[in-house]
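One letter stands for each residue in the lines below.
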Amino acid sequence: MSESAGLQFVSPYAFEAMQKVDVVRLAALSDPELRLLLPCLVRMALCAPADQSQSWAQDKKLILRLLSGVEAVNSIVALLSVDFHALEQDARKEQQLRHKAGGSNGESILVSQLQHGLTLEFEHSDPLRRLRLALSELLAIMNKVADSNGEWFLKSSELFESPVYLEEVADVLCILQAELPSLLPIIDVAEALLHVRNGDWFLCLLVANVPDSFNEVCRGLIKNGERQDEESMGGRRRTEALRQLCQMNPSQALNIRAMVVEECHLPGLGVALTLDYKPDTADDAVSPLVSYVSGLLLGTNGKVRTWFSMFIRNGQQRESSSVLWQMRRQLLLELVAILPRSRSTHEPNDSVEDAESSSGYSGLREEHVVKASALLRLYCALMGIAGLRPTDEEAEQLLQLMTSRPPATPAGVRFVSLSFCKLLAFPTLVSTPEQEQLMVMWLSWMIKEEEYFESAAGVAASFGEMLLLVAMYFHSNQLSAIIELVCSTLGMKIAIKPSSLSKMKTIFTQEIFTEQVVTAHAVRVAVTNNLSANITGFLPIHCIYQLLRSRAFTKHKVSIKDWIYRQLCETSTPLHTQLLPLIDVYINSILTPASKANPEATNQPITEQEILTVYQGSTGGRAVRSRYSITTQLLILYYILSYEEALLSNTKQLALMQRKPKSYSAILMDQIPIKYLITQAQGLQQELGGLHSALLRLLATNYPHLCMVEDWVCEEEVTGTLPLLRRMLLTSNTSRYSQTQLHDAFQKVPSSGPRLMRMLDHLTLLSAGDLIPYAEALTGSMGLLLGPSVPRRIPQTLNKLWMVLNTVMPRRLWVMTVNALQPSVKMLRQQRYIQNDLMVDPLIVLRCDQRVYRCPPLMDIVLHMLNGYLLASKAYLNSHLKETADFDRQSQTISNLGLGQAGQPDTPEVTREELKNALLAAQDSAAVQILLEVCLPTSEVQTGPLGPDGGLLSDLREVQCLICCLLHQMFIADPNIAKLVHFQGYPQALLPLTVAGIPSIHICLDFIPELLAQPQLEKQIFAIQLLSHLCTQYALPKSLSVARLAVSVMATLLTVLTRAKRFSFFMPTLPCLVAFCQAFPPLYDDVATLLVQVGQVCASDVSTKTRDIDPLITRLQYLKVKPQEVVPGGDKSKLSLPQRAAEELGGADPDVQLCYRIEATFMDIISTSQHGL
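Residues numbered from 1 in each chain as written. Predicted model: local features only at pLDDT ≥ 70, side-chain atom pairs only at ≥ 80, totals over all residues. Heavy atoms only, no water.

The chain is annotated in an unreviewed UniProt entry as Integrator complex subunit 2 from Oncorhynchus kisutch. Reading the Sequence similarities (unreviewed entry) entry of the UniProt record for the chain gives the comment "Belongs to the Integrator subunit 2 family." The heading Subcellular location (unreviewed entry) in the UniProt record of the chain holds the text "Nucleus". (UniProt positions renumbered as here; feature names shortened; annotations may be inferred.)

So, in structure tokens, the structure goes:
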């Protein structure tokens, strides 16, 4: 709106005076300034005020005195004397008329036919007609704006354009809006004024006379504005009007700018207001323009970012007078203002090498570094996000700034990192050979000064690591990784084409950082002290990781083992995310050579002595603590377990290359407190990230005996709320009793029972870590508790303490316990077992003192160890097979080639696997058989007063329950064990116990048909006896079908067995038919038929004898047909007669005995079917 350039606008001083109604300030205004505010002041003086206070009365007098000397007041008073109610009615009638006429400017109610032009009519008219003329013209413009549907137009109006009458028209306009606010809403009037010449001047006067409407008018203009104001005349006029309003009220400029961003309209206005904004206090750090534009482009609001980016892209096509070019010019001035004085020329200084150490080559001043970093990020956002194309001058000055040398401060380190990433993101800034030389010199300076910057600035992450990392990425051609690194450092997502990095790649790989220089430099970089996730940025660990991935160390024969070990020792929580990938890639570089041509090109593993140093003093309770953090110990443990797993998984490849890296010894593994470390890691899961879960995965594979479910459940009991409350009873952190006192109390058992019990009760209050020093005293005295007069509570408490210790030191505890429970035979020398002995032969655990089998608390410990060592043996044999199989196979292949036996099948691996499985099956089944044998009552129990079962509350019954629980777990874990054990068989007396005590024994129903098909008569008998108990326990449809099969098998065997075998088979199996019929009554007919058939066969064999057996067959037939008549009235006395007859009359004749057994079976079936057991 350049047409209003010569007009006087309301000053900020005058507007503030109007806002606050400061009469003193108003009195100080000049006549031209006061003239603009007369409509409001006259109304203020004439209208009845709402404020009736004395102070306002005084102010009103001052206003009247102020107005008394102004001539124009009279015309305004005349305007206020008009009947505005009638004027409003006429105006509304005219609006209706125009609405009916379709908006055409025809007949007017407000204004009759004009004799002259609008200006002359206005000059010669009375106040009422002036009001009518202005109102008619204003309504016409407002109606046209409403009908334009957003299309811009400029209304030519003689009334608003004549410079002579502008002030009088402004007075009329202000009076009309103030007196007719419902007819002329101020927002609509403001929109209409944008479409006439001098509209911004009229708008400022209107708002100045109604100062409370400032925010309302501005918000309305912004809401109705264009998304891109620079693209249209209407947008530019609207921006200029709002800009003038904000110049009139500069205190609200930032609020108006916030409205612009909120609505995403008029981006040029936001920039213009920022350019106009002059803060009260100069901020040397970052200018308002840089802060504002950076906030738009780098903020989290994607809608705002897209809106402003479009403004930048479109604005580049306009002439240099646009707001965008003003913004660019201001940014360039700010950039030049902070450039070092020695950079005033654009040519690089040839004497840089001589001037580097002198202070004459000033570089950036310290107070300008933060501002320079903000400018760099802003230009990155403008170029990368908004698509700004820099001019030659901008590119030259940017390069000068980027290659300047900041002071050695944290902000200086940040500036260098940003400059370096900007060079990578926009390599087109370097276009001439002189600029390229300047860049190379600056990069060389970075390499030289990196260590000084890191030490002087006191930061752990310097730009040296970033240089190394980028160099490694260039060498390995990982351009996408460089782009990701640049974007993360700059803090914005920029589209960088990989092809644009070709020039930088050439400079890096050929001139600055050759691969050999990279590896030699990286190994000399100091490790990061107390490395944790709290240290951000690019660290030496990132560089080493990339070099390990690219195999640069092995390629150039640079040892990196010591650096990695030192870095692992300098770690703390929270765990840095790069540590686990570093260990994984390091292990890979140890086992896998860099190339097939050079199989020896591998890194060295960490030595056993270095590993032991980390764990010294980490298992001794509170008294001794390791100087290494728990993070270091867990990382070394992760390294060892991952190394062993990788070694086993790569055995085939290693065998083909004739390489066999050394595995860590079992002695080393025994000295590492694995379970204690895992327990500590469990409480630090949040700080350790994924380390805890990774360790659990490795343990489940390599050390399954440390991951038993029972142990986790026990740990919950040990570390739960109740134990915590019990430990609160402790008056001090240490125990009141020493290991020697505890040992002496054990030696004097049972006389020292109460004293020993007090000690053990106190030990139960200690934590697992504090209990470790007492482990040897507790386990070494277990054999002393097997005496008959030892109170039961002592071994029970010892069992609890043992389980607590098992949560932190299971492997060492198990070995100590096995050695302590060996039989105390004086003539035999006790052997001291080690961990490896027990993994090779887990059954050593059961070669303990026989009295342990009748001491339930100690038997519980033995069963726990047995289960653990069976799992450990499986893992041990699997790893042993993998370690040796591929090398043996490789050597056999070579020997076969040498002997010319190419046609032989390659079977050793299959055979070894089968042998291993057979050995494990034999181990498991032997353990089960021994445990089942333990369940049998001894001769003392059988002859005791409680009978052969020893009573329901006996030690034997408790041991049987513990054993059945373990067998149940073993059968669930591997059903083949159950099959193997039952194919082997065990005493028939244990069947009631196993069927009732082992819930998972129902799986035997799956293989009983196969067991019945075995040729051995003993297995068939055992199968039928087992099935009889299963049918009673599990009366299922499947059990019925298997029982029917068993009856059919018995009928078949009757026809093929000899006389002797028939007696051996049917005597123990006929009683099983009673259980079949009791569980499944539908089997009665088949069973009765079988019994009759067996009886007929036996009767025929004894028919030649003197004793007549025919009445027996007759009775059997009668029993089969009418069983209900056999026992009338429930008299059971007759049922025992056949048995007595068998004993008296049968003698030694097997067939006669079998005949009476058949009759007794018949009677039992009938009895159980009618009366139940």
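That covers the picture; the talk isn't over yet.
Enquirer: Please give an account of the overall build of the chain that cites residues and values.
Expert: Along its length, the chain carries 63 helices and zero strands. Taking all 1173 residues of the chain together, the buried fraction comes to 53%. Sequence-distant contacts, at least 24 apart, represent 74% of the contacts inside the chain between residues at least 6 apart. A total accessible area of about 53,300 Å² is found for the chain, and carbon and sulfur atoms account for 53% of it. (Helix = DSSP H or I, 4+ residues; strand = E, 2+ residues; numbered from the N terminus. Buried < 20%, exposed > 50% of the residue type's maximum accessible area, 1.4 Å probe, protein only. Contact = heavy atoms within 4.5 Å. Areas by Shrake-Rupley, 256 points an atom, 1.4 Å probe, with all protein chains shown as cover.)

Enquirer: A description of the packing of aromatic side chains should follow, citing residues and the corresponding values.
Expert: Inspection of every chain in the model, using the stated rule, returns 13 aromatic pairs. Judged by centre distance (5.0 Å) and plane angle (75°), the rings of Tyr986 and Phe1022 are edge-to-face. In this pair, Tyr986 is assigned in the loop between helix H54 (975-984) and helix H55 (991-997) and Phe1022 in helix H57 (residues 1017-1033), connecting sequence segments 36 residues apart. Through a chain of ring-to-ring contacts, the aromatic side chains of Tyr586, Tyr639, Tyr643 and Tyr664 assemble into a single cluster. In this structure, Arg328 packs its charged tip against the face of Trp325, placed 4.5 Å from the ring centre. (Phe/Tyr/Trp six-rings, centres within 6.5 Å; stacked < 30°, edge-to-face > 60°. Lys NZ or Arg CZ within 6 Å of the ring centre and 35° of its normal.)

Enquirer: Please give an account of the environment of Ala374 that cites residues and values.
Expert: Considering the arrangement of structural elements, one finds Ala374 in helix H22 (residues 369-384). Spatially, the C-alpha atoms of Ala374 and Ser291 are 8.1 Å apart, while their sequence positions differ by 83 residues. Apart from residues no more than four positions distant in its own chain, Ala374 is found in contact with Val286, Val290 and Ser294.

Enquirer: Lay out the packing of helix H35 (residues 630-649) against helix H40 (residues 691-702) with the relevant residues and their values.
Expert: Axes are the key here: two packed helices are described by the angle between their axes and the distance separating the axes. Where H35 contacts H40, the two axes come as close as 10 Å, and the packing angle between them is 40°. Considering the angle they form, H35 stands oblique to H40. Handedness of the H35/H40 crossing: left-handed. Between H35, through Leu634, Leu635, Leu637, Tyr638, Leu641, Ser642 and Glu645, and H40, the contact on the second element is made entirely by Leu691, Ala694, Leu695, Arg697, Leu698, Leu699, Thr701 and Asn702. For the contact of H35 with H40, the class distribution of residues is 10 nonpolar, three polar and two charged. (Axes fitted to C-alpha atoms, helices over the stretch in contact; angles between N-to-C directions. Parallel < 35°, antiparallel > 145°, perpendicular 65-115°, else oblique. Left-handed = near helix turned anticlockwise from the far one by under 90°. Nonpolar A, V, L, I, M, F, W, Y, C, P; charged D, E, K, R; others polar.)

Enquirer: I'd like a rundown of the environment of Val111, residues and numbers included.
Expert: Following the sequence through the fold, Val111 ends up in the loop between helix H7 (84-100) and helix H8 (118-124). Placed 24 residues apart in sequence, Val111 and Leu135 show a C-alpha to C-alpha distance of 9.3 Å. Those residues in contact with Val111 that lie beyond four places of it in its chain are Glu94, Arg129, Arg132, Leu133 and Ser136.

Enquirer: Go over the pattern of salt bridges, please, and point to the residues and values.
Expert: As enumerated under the stated definition, the model contains 30 salt bridges in all. Note that Glu191 is salt-bridged to Arg238, the shortest N-O span being 2.6 Å. Here Glu191 is found in helix H12 (residues 186-193), whereas its partner Arg238 is found in helix H15 (residues 233-248), with 47 residues between them in sequence. Overall, the relative accessible area of 9% leaves Glu191 in the buried class. Beyond isolated ion pairs, a larger network of salt bridges with shared partners links Glu16, Lys20, Asp22 and Arg25. (Salt bridge = Lys/Arg side-chain N within 4 Å of Asp/Glu carboxyl O.)

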